[in-house]
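The residues making up each chain are set out below.
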Amino acid sequence: MAAKVKVAARLRPFIDAEHPDNAVIVSPSEGSISITNPRNATERFKFSFTSCYDQSASQEEIFEKDVRPLVDHVFSGLVCTVFAYGVTSSGKTHTIQGSLAAPGIIPRVVKALIDQKNRLQLCSVAMTVSYMEIYKDDVYDLLVTRENAPKLPIREDPTGKIVVANLSDKPITSFQEFDRLYSHACKSRSTGATNFNHASSRSHAILAITVTRVDVVEQKVLTGRINLVDLAGSENNKLTGNDPARMAESAAINKSLAVLGQVVHALNTGAARIPYRDSKLTRILQDALGGSSIGLLICNLAPGLKFRQDTLNTLNFASRTKEIENKPTVNVKDNRPPHKPHLAAGPPVATRLPLIPRAVPGPSRMSMGGPIYQTLAIPSIGGFGFNGAGRNSIGGLAQVSEAVTKPQTHEQMDIDEKISRAVQQEVDRRLAEREAQERQRLEELERQERERAAERERQDDEQRALLMKKHDELNKLLKKTLRKAEKENQRPAENAASEQEKALSPKKAKKLAMAYVSLGREYLQCKDPDYSGALKLWLQAESYVPENKALKKRITELQVAIREGVSYRLGKRQREPPDIIESPCSSSPSGSRDHKESNKRRRRARLALAKERGELPPTAMRTPSPKKANTRKKDVFLQDSDDEVLVSEGS
């Protein structure tokens, strides 16, 4: 008889750090839960389950309504599985284990089993307990010390049941004995602190309680078992703040839960292959997922905005799980002795009739001229033979047909059953071998594909590294070339003035210096004097006559005026004594007239040079005409005579 997996959903209360909202609404009377779509607040999803519990539900209410009926099934020889599923910190361990103030499902189930055992009078009941955990996809026995606990393999017994090899079973007779054993075993379970839970379960824990009931009256043995599974919660490492060790545990937990979802999906879609073997968890729970046991899934839900998407995923998983159909089977063994057929029933019918006469009890006969023999029953073959009374019978074919139509005995039925069982086991073995070979082939293909992908990635990395190396080398070479070109371009610019100054004759250098000094004076005599422009021109003039002290003095005075923000006034310079400065008039054979003509020529040359270089200020005076030359008091270049400034040092 098929039975679907029952689903119960429980919503835990809000904790202190969570902001209460109405995103998840539970209707216990209707057996439904509705939740707001995390991506669209105006949309809600509704789910219906066997039982639904809101935040005010108690541990006893959940046990009495959904778990207690399973106790009777266990004593009837059935296997029941209860597993708690949900995101981390949703209250799974609290529901399964509970606390001293609010005991969970495990202590309540043990008490109910012991009470049921004590009520049975005509039966002998024995109870054993085994406790294991699946940590990083490895199975460990929690009833032995962790230092000595090896990794346990998963096997398949001759009847096709999945068992954990070398898993210890401890007999219990009272709740105190179980509590002492279970409390000690819980200390060995792997736990760790995260941002959501200071004692988060880092492994899947499975507690199995086996009940063996011997019925003396009916002479049969019923073996039932209840599996209580506390699944580790799925985790988001961005929110839990896991360190590398916790992240490795979280990866193993999420992988096993993902395989669990794949198994549920494959069962619902009727897939040809169910991936039970992809995870130790699904391999152990194979009997509860599409097998021969009764299943109960308790979905623990966490309220709050940060768990909204995880809660919706849990409800979707539960909605798919409730469609799984199991076929519960009673585990019974008949202890009655085998039935012995009566002597009058004759020998059992065989497919191949013996050809040797077989002696049977009966009255002896006297043979003519021979000794006395017992009556022999010879098979009737070819139409001749003897019947059981010693009389000859003809028409043996009819006798053979009568023998074939006789009903089979219990021994023959046992033999046929053993043969069919052996054939079924051989078929299962060959199918398992074929499945293992196919899985190995697929794993080998995946491994080869991973190796090829890794090799391609390695080659890409090498090629990328080579290209980056070449790029760095070219970049360095380009920078070096640019620096060299910049140095070569800067060197002529820096040395152009000095080389030009060295190439000029002292006379030409003095003329250029006088032109720059005169232009600087024009900048100073404008309506809006340009001190910076004049200073720049005088500095340029100094580069041609660096030994001229008078020019250096003027430059210093102008720099001080610019720095202090005061006006600079050109003043008359004191004439040097005749014995120091030789008058150009006295040295010229034509007197003052020749000197004026030479000054005019020098002035024209300076203006032409300034115009050619674009340094002529807008207020520069044009060259005076010969008619007006005598009317001017003095030439502009002779006011505070610039040539004397330069000649005084050059003379």
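Just above sits the structure.
Residues numbered from 1 in each chain as written. Predicted model: local features only at pLDDT ≥ 70, side-chain atom pairs only at ≥ 80, totals over all residues. Heavy atoms only, no water.

Asker: How do you make sense of the overall build of the protein chain when you look at a structure like this?
Answerer: Across its full length, the protein chain carries 17 helices and 25 strands. Within the protein chain, the proportion of its 651 residues that are buried is 36%. A separation of at least 24 residues holds for 65% of the contacts in the protein chain among residues at least 6 apart in sequence. Entry remark: accessible area of the protein chain is about 40,000 Å², with carbon and sulfur atoms responsible for 54%. (Helix = DSSP H or I, 4+ residues; strand = E, 2+ residues; numbered from the N terminus. Buried < 20%, exposed > 50% of the residue type's maximum accessible area, 1.4 Å probe, protein only. Contact = heavy atoms within 4.5 Å. Areas by Shrake-Rupley, 256 points an atom, 1.4 Å probe, with all protein chains shown as cover.)

Asker: Explanation requested: the packing of aromatic side chains in the structure shown.
Answerer: Each aromatic ring pair is specified by the distance between its two centres and by the angle formed by the two planes. Tallied over the full model, the rule gives seven aromatic pairs. Arranged with centres 6.4 Å apart and planes meeting at 0°, the rings of Phe 47 and Phe 49 form a pair that is stacked. Under the relative-accessibility criterion, Phe 49 is labelled buried at 9%. Ring centres of Phe 178 and Tyr 182 lie 5.4 Å apart, and the angle between their planes is 15°; this geometry places the pair in the stacked category. Of the two residues, Phe 178 and Tyr 182 are both situated in helix H4 (residues 175-186); the distance of four residues between them amounts to about one turn of the helix. (Phe/Tyr/Trp six-rings, centres within 6.5 Å; stacked < 30°, edge-to-face > 60°.)

Asker: Can you help me understand the sheet that holds strand S4 (residues 32-37) in this one?
Answerer: Strand pairs in the sheet, formed through backbone hydrogen bonds, run parallel or antiparallel to each other. What the three strands build is an open sheet, ordered S3-S4-S5; its pairing is antiparallel. Where the open sheet ends on each side, the last strands, each with one partner, are strand S3 (24-27) and strand S5 (40-48). Ignoring strand direction, the axes of neighbouring strands in this sheet form an average angle of 20°. Here four bridges tie S3 to S4, and the two strands are oriented antiparallel to one another. Residue pairing across strands places Val 24 opposite Ile 35, the latter belonging to S4. In the packing of helix H8 (residues 308-321) onto the sheet, contacts are made with S3, S4 and S5, and the angle to S4 comes to roughly 140°. (Pairing = 2+ DSSP bridges. Axes fitted to C-alpha atoms, helices over the stretch in contact; angles between N-to-C directions.)

Asker: Where do I start with the side chain of Glu 18 in this structure?
Answerer: Mapped onto the elements of the fold, Glu 18 is located in the loop between strand S2 (6-11) and S3. On the accessibility criterion, Glu 18 (9% relative accessible area) is buried. Only 2.8 Å separates the side chain of Glu 18 from the side chain of Arg 12, close enough to count as a polar contact. The contacts of Glu 18, once residues within four sequence positions are left out, are Arg 12, Pro 303, Lys 306 and Phe 307. (Polar contact = N/O pair within 3.5 Å; in protein donor to acceptor, adjacent residues only side chain to side chain.)

Asker: What am I meant to see in a nonpolar patch on the surface here?
Answerer: Taken together, the side chains of Ile 415, Ile 419, Val 423, Val 427 and Leu 431 define a hydrophobic patch exposed on the protein surface, amounting to about 430 Å² of accessible area. By the secondary structure assignment, Val 423 is in helix H10 (residues 410-503). By relative accessible area, which is 48% here, Val 423 ends up partly exposed. (Patch = residues over 30% accessible without salt bridge, like charges linked within 9 Å, V, L, I, M, F, W, Y side chains within 5 Å. Salt bridge = Lys/Arg side-chain N within 4 Å of Asp/Glu carboxyl O.)

Asker: Just to check I follow, could you spell out the nonpolar core for this structure?
Answerer: Where a protein is soluble and globular, its nonpolar side chains tend to be buried together. With 43 residues, the main nonpolar core has Ile 33, Phe 49, Val 139, Ile 284, Leu 289 and Leu 297 as its most contacted residues. Here this core gets six residues from one element, more than from any other, and that element is helix H6 (residues 244-269). Here Leu 289 is in contact with Phe 83, Leu 260, Val 263, Leu 267, Tyr 276, Ile 324 and Asn 326, once residues within four sequence places are set aside. Leu 78, Val 82, Leu 143 and Tyr 182 belong to the second-largest nonpolar core, a separate cluster that totals 38 residues. (Core = buried A, V, L, I, M, F, W, Y, C linked by side-chain atoms within 4.5 Å.)

Asker: Even after reading the chapter, I still don't get unusual backbone geometry, so can you show me in this structure?
Answerer: Among all residues save glycine, negative phi is the norm, and among peptide bonds the norm is trans. The phi dihedral of Ser 89 falls on the positive side, at around 65°, and the residue is not glycine. Secondary-structure assignment places Ser 89 in the loop between strand S7 (79-86) and helix H2 (92-96). Classification of Ser 89 as buried rests on a relative accessible area of 17%. Although it is not a glycine, Asp 137 sits at a positive phi angle of roughly 65°.

Asker: Just checking my understanding: could you explain the packing of helix H12 (residues 531-544) against helix H13 (residues 549-564) for this structure?
Answerer: Between two packed helices, the angle of one axis relative to the other and the distance separating the axes together describe the packing. As a packed pair, H12 and H13 sit with axes 10 Å apart at the nearest point and diverge in direction by 155°. By the angle between their axes, H12 is roughly antiparallel relative to H13. Of the two elements, H12 crosses H13, and the hand of that crossing is left-handed. For the pair H12 and H13, the contacting residues are Tyr 531, Ser 532, Ala 534, Leu 535, Trp 538, Leu 539, Ala 541 and Glu 542 in the first and Leu 551, Lys 552, Arg 554, Ile 555, Leu 558, Gln 559 and Ile 562 in the second. Taken together, the residues that form the contact of H12 with H13 break down as 10 nonpolar, two polar and three charged. (Parallel < 35°, antiparallel > 145°, perpendicular 65-115°, else oblique. Left-handed = near helix turned anticlockwise from the far one by under 90°. Nonpolar A, V, L, I, M, F, W, Y, C, P; charged D, E, K, R; others polar.)

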